[in-house]
Amino acid sequence: MKKINVFLGLVLVCIVLIITAFTEKKQVQSLKGAWQQINGNEQTTIIITDHIFSSATYSLTDKKFISSQGGKYSLAQNKLTVSIEWNNLDSTTVGTVKNWGINIKKDELTFEGLSGKWKRLDDGTPGALAGDWIITGSYNNDQVSKRRNPFYPRRTMKVLSGKHFQWIAYNVVTKQFFDTGGGTYTTENGKYTETIHFFTKTAASVGKSLQFDYLFINGDWRHKGFKSTGGVMDECWSRRETLESQAQ
């Protein structure tokens, strides 16, 4: 009888774990995508992939970038936990953890302790490049040359929902924030087209639409075209989770 009770107890624990894992996965799926809040001339866009939470505040009318923060996140029981990797306004938060209770009702997202609501912009589709990517090298005459240490301590990461993107350059050791840019994008017939909404390097790039060739090679993303500031680019980007698994 005792053995039966132990067995039933183990079965119950397994069922609870399975239900919890399923619930958390469903929560992440409902959270994924892009969200936006507009306050006067300022708008804040949040991009959430399977692994990364990224927030950027900017003014389209003034062509002005204001702030950005984000990092790797986890979600459990409607509690969002973000390990901060960059914050241009307060570098002392880098390496710390922020927690928010969240609520999703239809296509609106709210955070406990933060005012206002975020409206859903997309659910992680339809863009073919949705996810989080790290630049790992460049191409020359169709041959890729990869950087020795593309992920640590300095990294340039690009996060994409189904329609929105942001790239961020930062250093997780010195806590320096270098540059960022972002906006909307589409992928169609091998063409990746982005429209810039904010850019730290030059406000003159805001509003520009740029078209690039994109191709997947051995899991990497080849990103080829011309920079918004001029000049040829032919970059290699790798999925972040691939680099992290290799580092373990």
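A quick note: this is a predicted structure, and the numbers were derived from the prediction, not measured. (Residues numbered from 1 in each chain as written. Predicted model: local features only at pLDDT ≥ 70, side-chain atom pairs only at ≥ 80, totals over all residues. Heavy atoms only, no water.)

A. Expanded view of the side chain of glutamate 244. Relative to the helices and strands, glutamate 244 is located in helix α2 (residues 240-247). The contact partners of glutamate 244, leaving out residues within four places of it in the chain, are Lys72 and Phe151. (Helix = DSSP H or I, 4+ residues; strand = E, 2+ residues; numbered from the N terminus. Contact = heavy atoms within 4.5 Å.)

B. Structural view of the pattern of salt bridges. Evaluation of the coordinates by the stated rule reveals 12 salt bridges. Where aspartate 107 meets arginine 120, a salt bridge forms, and the shortest distance between an N and an O atom there is 3.3 Å. Taken together, the residues span a long stretch of sequence, with aspartate 107 in the loop between β6 (97-105) and β7 (108-111) and arginine 120 in strand β8 (residues 118-122) at a distance of 13 residues. Given a relative accessible area of 18%, arginine 120 falls into the buried group. (Salt bridge = Lys/Arg side-chain N within 4 Å of Asp/Glu carboxyl O. Buried < 20%, exposed > 50% of the residue type's maximum accessible area, 1.4 Å probe, protein only.)

C. Highlighting unusual backbone geometry. The step from threonine 125 to proline 126 runs through a cis peptide bond, and the omega angle for that step is 10°. Its place among the elements puts proline 126 in the loop between β8 and β9 (131-140). A cis amide bond links tyrosine 152 with the next residue in sequence, proline 153, at an omega value of 0°. Structurally, the position occupied by proline 153 is in the loop between β10 (143-146) and β11 (154-160). In this structure, lysine 63 is a non-glycine residue whose phi angle is positive, near 55°. By the element assignment, lysine 63 lies in the loop between β3 (52-59) and β4 (64-76). Taking relative accessible area as the criterion, lysine 63 reaches 40% and is therefore assigned partly exposed. Positive phi, normally seen in glycine, also occurs at aspartate 142, with a value near 70°. When you line up the elements, aspartate 142 lands in the loop between β9 and β10. A relative accessible area of 52% means that aspartate 142 is categorised as exposed.

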